[in-house]
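What the coordinates show
One-letter residues, chain by chain:
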Amino acid sequence: MAGHDGAGSLTLHLLAEPAALCRLPGGATVPEWTRDASQFLTISRTPTELSIVADERVVPPSQPAARGYRVLRVEGPLPLHLVGILVALAAPLAEAGVPIFPIATFDTDYLLVPSAHLPRALAALGDAGHVVRADGTGETPPAGGS
């Protein structure tokens, strides 16, 4: 399987653009600005909320949001029957005191971390045997988190 060697090592890609997390009321309509997201967009609706995670650049300044999240994509696709992918990533990040906002898609998993915690996240993932690459390159992102 791509990105997972069976020994617990995963390959992740750090997406180039930061993301913003937005919470709207459950009955809200999906805002037009979501159409402009090109790197990352996920929309979840429950009876109590409309949750949107999108490229930070498309979220209007007037929209209340948690901004400055960096997106780590697990190399996939990952078979749906795999067990322990999220815990293999979350455990070392928790030990390092890095908060995460996980998102799963049909093909893979994503972890969003606040930009201020990115250097610590990269170090913790590397120490746990995972490989993080800057998206679009084969290079490891700098420890400074850019």
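Our subject is the structure listed above.
Predicted model, so just to flag it, every value in this text is computed and none were measured.

This paragraph deals with the overall build of the protein. Scanning the protein for helices and strands turns up 2 helices and 8 strands. When the helices and strands of the protein are placed in sequence order, the string is β-β-β-β-β-α-β-β-α-β. Within the protein, the proportion of its 146 residues that are buried is 41%. A fraction of 64% describes how many contacts in the protein between residues 6 or more apart in sequence connect residues 24 or more apart.

Following the criterion strictly, the structure yields 3 salt bridges and no others. For Glu-17, the salt bridge goes to Arg-57, with nearest N and O atoms at 2.9 Å. Separated by 40 residues along the polypeptide, Glu-17 in the loop between strand S1 (11-14) and strand S2 (19-25) and Arg-57 in the loop between strand S4 (49-55) and strand S5 (66-74) bring together distant segments of the chain. Across the pair Arg-57 and Asp-55 runs a salt bridge whose closest N-O atoms are separated by 3.3 Å. Using a relative accessible area of 0% as the deciding quantity, one classes Asp-55 as buried. Each member of the salt-bridge network shares a partner with another, and the members are Glu-17, Asp-55 and Arg-57.

Quick look at the pairing of S1 now. The side chains of a regular strand alternate, first on one face of the sheet and then on the other. Burial along S1 is two-sided: the face carrying Thr-11 and His-13 and the face carrying Leu-12 and Leu-14 are both buried. With 3 bridges connecting them, S1 and S5 associate as antiparallel partners. Across the sheet, residue His-13 finds its bridge partner in S5, namely Arg-73.

Along S4, 6 of the 7 residues are buried, which leaves the element largely enclosed by surrounding structure. Bridging between S2 and S4 involves 7 bridges; their strand directions are antiparallel. Looking at S4, one finds that Pro-25 is bridged to Glu-49. Here strand S3 (residues 41-45) runs beside S4; their pairing, made up of 5 bridges, is antiparallel. In the sheet register, Ser-44 faces S4, and the bridge partner there is Ser-51. Counting the residues between successive antiparallel strands, the hairpin from S3 to S4 contains 3 residues.

Criteria and cut-off values
Residues numbered from 1 in each chain as written. Predicted model: local features only at pLDDT ≥ 70, side-chain atom pairs only at ≥ 80, totals over all residues. Heavy atoms only, no water. Helix = DSSP H or I, 4+ residues; strand = E, 2+ residues; numbered from the N terminus. Buried < 20%, exposed > 50% of the residue type's maximum accessible area, 1.4 Å probe, protein only. Contact = heavy atoms within 4.5 Å. Salt bridge = Lys/Arg side-chain N within 4 Å of Asp/Glu carboxyl O. Pairing = 2+ DSSP bridges.

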